[in-house]
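Each chain, letter by letter, is given below.
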Amino acid sequence: MVLTAAGFTSLLHSLGLMQGTFKPTPASFSYGQSHAQNKVASTSPAASNLGSNFQSPPTGNISATESHSGVCNVQPYDAPELGEQAFAPFDQAKANVYRYRQQQSVNLGSWFTHEQWMTPSLFACAAGDQISELDIASGWGSHDGARSVLERHWDTFVDASDFRYLASIGINTVRLPIGYWTLGPAFCQGTPFEPVADVYQNSWSRVVHAINMAFDSGLGVLVDLHGAPGSQNGQPHSGISDGKTGLFDNDWYINKTMAVLTHLTEQLTNVTNVVGIQILNEPQNVASLPGFYSQAISTMRQVSPAAQALPLYIHDGFNLEQYSEFVANRTDFVVQDHHSYFVFTPTDAAEPASQHTKVIQGSMSDSLATASDRQRRNLVVDEFSCALTEQSLAEEADPDAARKTFCTGQMEIYQNETAGWAFWSYNKEDCMSDHGWCFKEAVGTSLPSSFFTYGKGPLADPSRLPALADMVADMYAPTQEEMEATLYPTATEGNSVDYTDAPAVGLFPINRRSRHRSRRSQRMGNHKRATPSRRDAAEQLPLDPSQRAISKGYSDGFLTAKIFALYGMSKLGFTGQYIADSISHLGSTIIVPGTEHYYEQWFMEGLADGEALITSSVNNSPTS
């Protein structure tokens, strides 16, 4: 058999051989967009709040000058005192929405962990090879200088206006890469960051502030351990410059990483809008990686009873099949993260954009769908971009159109076949000239202008919505009679059981307050009710276990669609995990063992009908 170049490339893609074991630095490739190398930064005062208007030097975020002798002079930055940051009171019902919904996400890359190609001005006076976080912290003339540079960056690169902007266009989640050093000086001890530990004395408070800013705009946060002690991949984005992967064969570093993950779990489990913790970013897929993940998951689950249900994300080391099996063999909320780029191999660099799009819509879509089905849809693509090489675009008649088709094609496939996607990255220097890598520039050009699941924005400010338990109590599902007529027409009157004390909608409890019943009584007056109300009727389940699972499944699915739509017009994303957790939560009295498949099947029917009803309402609503 003779394969053409294009055919051979397609074969490699179908076998999953086109992606390397790590992600190289984009600066080593040519994209048709320039990368800032200016070593002279702005001398403007530190008080400026750049937010979403951040640009590269000379209007960048560093206040420094370089003298003729090469000595960097950093203008002191008086960082705002954030003090002890506190999270909002934990709301389990709202946390369920954040954690289980379909994710439209962006990465907040190079905010707390730095990459030279994204924020080159931070490396202008870095030490050593000037390629890693450690080089920044070790440079800038002194620890005070490095801390001034980093604190100014933390306070200006992304701010509250950016989170509001993201929410306004339908982004509902952000992925927040951090390093172990970000947790503060105590976690730097015994690592290469120990000599510069005091540079990070104010870093963790900034992370907490970031999570709170996201909460204020209704955005979930995935906290991603991008740099682990010892380094999980030897890459500069893990914080080091020596190229060594020291984590997996060093017990001290393994234990240090477990301590970091334990601390993150203790701090973040009961934070309403934290959708999960990512254990490692892009680790080398060494033989011991599955065992490391199992140890980390067990360690984190033991932190508290609530930590048993916290979603934990694992990167697959660029091996989709292997870690799909890993996740499928577990029952807890563990999510596989797969990264997808098309610029980091010579073959990818040469392949036309249109061919990349065909691969995405063909073999890649099939591979993702197979993996997703196998593992309860616990799969996300949490790094992708619109980046293509000049060579990939050279043969396209309309390069801009080809890039847009390529980029939107990715987004649509990842949306349909997985529980979410995250663009890399939201912001960078020279953003406005880089619509391959900078989300703010790609919106409306290579990407759509908005990303709402139902095509329109939220019904209300999430912070102003009442408690979900109260809202559920006022919602109506199809009545028992209506469901009996369509689902099992042979059911007989009276063959039902009251389940008033059971949770009403899967994982969501309801508040059965006297004021609800009194309102119904007032509406009824003194007339005797001949038939139950819709709410009372929906609180009856058939005695037959199979029919009970069908009835409860359909009702839960239908109401779940409505609940998720109330929050940012969201949809359920981690569907299989949500159903499995709901069955466990409801208990064997409601869903009798052996009837779980009925609940699952009819939950999906009810969910589809609920989402169709919402879609119809949105499409028929007047345009504001």
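Look up a bit, the structure's there.
What comes next concerns the included structure. Quantities reported herein were computed from a predicted structural model and do not represent experimental measurements.

### Remarks on the overall build of the chain
Okay, step 1: Per the secondary structure count, the chain includes 21 helices and twelve strands.
Okay, step 2: By the burial criterion, 58% of the 624 residues in the chain qualify as buried.
Okay, step 3: Within the chain, contacts between residues at least 6 apart in sequence are counted, and of these 77% link residues at least 24 apart.
Okay, step 4: Surface exposure of the chain reaches about 24000 Å², of which carbon and sulfur atoms provide 52%.

### Let's talk about helix α19 (residues 545-566)
Okay, step 1: Its 22 residues give α19 an end-to-end C-alpha distance of 31 Å, which sits within 8% of 32 Å, the value for a rise of 1.5 Å per residue.
Okay, step 2: Taking burial as the measure, the 22 residues of α19 include 19 buried ones, the bulk of the element.
Okay, step 3: The residue sitting at the N-terminus of α19 and contributing the capping side-chain oxygen is D544; that oxygen lies 3.2 Å from the backbone nitrogen of S546.
Okay, step 4: One or two residues past the end of α19 sits G568, with phi positive at roughly 65 degrees.

### Let's talk about the pairing of strand β7 (residues 312-315)
Side-chain direction in a regular strand flips from residue to residue, so the side chains alternate between the two faces of the sheet.
Okay, step 1: Burial along β7 is two-sided: L312 and I314 facing one way and Y313 and H315 facing the other are all buried.
Okay, step 2: Summarising the sheet, strand β6 (residues 274-278) and β7 pair through two bridges and their orientation is parallel. When the bridges of β7 are listed, Q278 appears paired with Y313.
Okay, step 3: The parallel pair β6 and β7 is bridged by helix α8 (residues 289-301), and the resulting crossover is right-handed.
Okay, step 4: In the sheet, β7 pairs with strand β8 (residues 334-339) via four bridges, with the strands oriented parallel. Within the sheet, the bridge partner assigned to I314 lies in β8 and is Q336.
Okay, step 5: With respect to chirality, the unit in which β7 leads through helix α9 (residues 320-328) into the neighbouring parallel β8 is right-handed.

### Details of the pairing of strand β3 (residues 103-107)
Okay, step 1: For β3, the buried fraction is high: five of the five residues fall into the buried class.
Okay, step 2: Taking every second residue as pointing to the same face, both faces of β3 are buried, with Q103, S105 and N107 on one and Q104 and V106 on the other.
Okay, step 3: Alignment of β3 against strand β10 (residues 420-423), held across four bridges, turns out to be parallel. Bridge pairing in β10 links S105 to A422.
Okay, step 4: Where β3 meets strand β4 (residues 173-179), three bridges bridge the pair, whose relative direction is parallel.

### Description of the packing of aromatic side chains
Okay, step 1: All told, the structure shown has 35 aromatic pairs when counted by the stated rule.
Okay, step 2: An angle of 50 degrees between the planes, with centres 6.2 Å apart, marks the rings of Y323 and F326 as tilted. Residue Y323 and its partner F326 are located together in helix α9, separated by three residues, close to a single helical turn.
Okay, step 3: Note that K571 overlies the ring of Y454, its terminal NZ or CZ placed 4.8 Å from the centroid.

### Observations regarding the sheet that holds β3
Okay, step 1: What the eight strands build is a closed barrel, ordered β3-β4-β5-β6-β7-β8-β9-β10; its pairing is parallel. Averaged over all pairs of adjacent strands, the angle between strand axes in this sheet comes to 30 degrees, irrespective of strand direction.

### What to know about helix α13 (residues 399-417)
Okay, step 1: In this model α13 runs 27 Å from its N-terminal to its C-terminal C-alpha over 19 residues, within 8% of the 27 Å that 1.5 Å per residue would give.
Okay, step 2: In the core, the buried residues of α13 are packed alongside β3, α11 (353-374), β9 (379-384), α12 (390-394) and β10.

### Let's talk about unusual backbone geometry
Okay, step 1: Omega for the bond connecting W424 with S425 falls within 30 degrees of zero, at 5 degrees, which places this linkage in the cis form.
Okay, step 2: Position of S425 relative to the elements: it lies in the loop between β10 and α14 (439-442).
Okay, step 3: Even without glycine at this site, F318 takes up a positive phi of about 65 degrees.
Okay, step 4: You can see F318 is positioned in the loop between β7 and α9.
Okay, step 5: You can call F318 buried: its relative accessible area is 10%.

### Some details on the state of the cysteines
Okay, step 1: Overall, the coordinates contain three disulfides when judged by the stated rule.
Okay, step 2: Across a sulfur-sulfur distance of 1.3 Å, C72 and C125 are joined as a disulfide pair. In this structure the cystine formed by C72 and C125 twists about its S-S bond by roughly -75 degrees; its chirality is therefore left-handed. You can see C72 sitting in strand β2 (residues 72-74) and its partner C125 sitting in the loop between β3 and α3 (133-137), a full 53 residues away along the chain.
Okay, step 3: Residue class for C72 comes out buried when judged on its relative accessible area of 15%.
Okay, step 4: Each sulfur in the disulfide pair C431 and C438 lies 1.9 Å from the other. On the sign convention where negative is left-handed, the bridge of C431 and C438, at about -85 degrees about the S-S bond, is left-handed.
Okay, step 5: On the basis of relative accessibility, which here comes to 0%, the residue C438 falls in the buried class.

What counts and how
Residues numbered from 1 in each chain as written. Predicted model: local features only at pLDDT ≥ 70, side-chain atom pairs only at ≥ 80, totals over all residues. Heavy atoms only, no water. Helix = DSSP H or I, 4+ residues; strand = E, 2+ residues; numbered from the N terminus. Buried < 20%, exposed > 50% of the residue type's maximum accessible area, 1.4 Å probe, protein only. Contact = heavy atoms within 4.5 Å. Areas by Shrake-Rupley, 256 points an atom, 1.4 Å probe, with all protein chains shown as cover. Expected span 1.5 Å × (residues − 1). Polar contact = N/O pair within 3.5 Å; in protein donor to acceptor, adjacent residues only side chain to side chain. Pairing = 2+ DSSP bridges. Right-handed = clockwise from strand over helix to strand, strands pointing away. Phe/Tyr/Trp six-rings, centres within 6.5 Å; stacked < 30°, edge-to-face > 60°. Lys NZ or Arg CZ within 6 Å of the ring centre and 35° of its normal. Axes fitted to C-alpha atoms, helices over the stretch in contact; angles between N-to-C directions. Disulfide = S-S within 2.5 Å.

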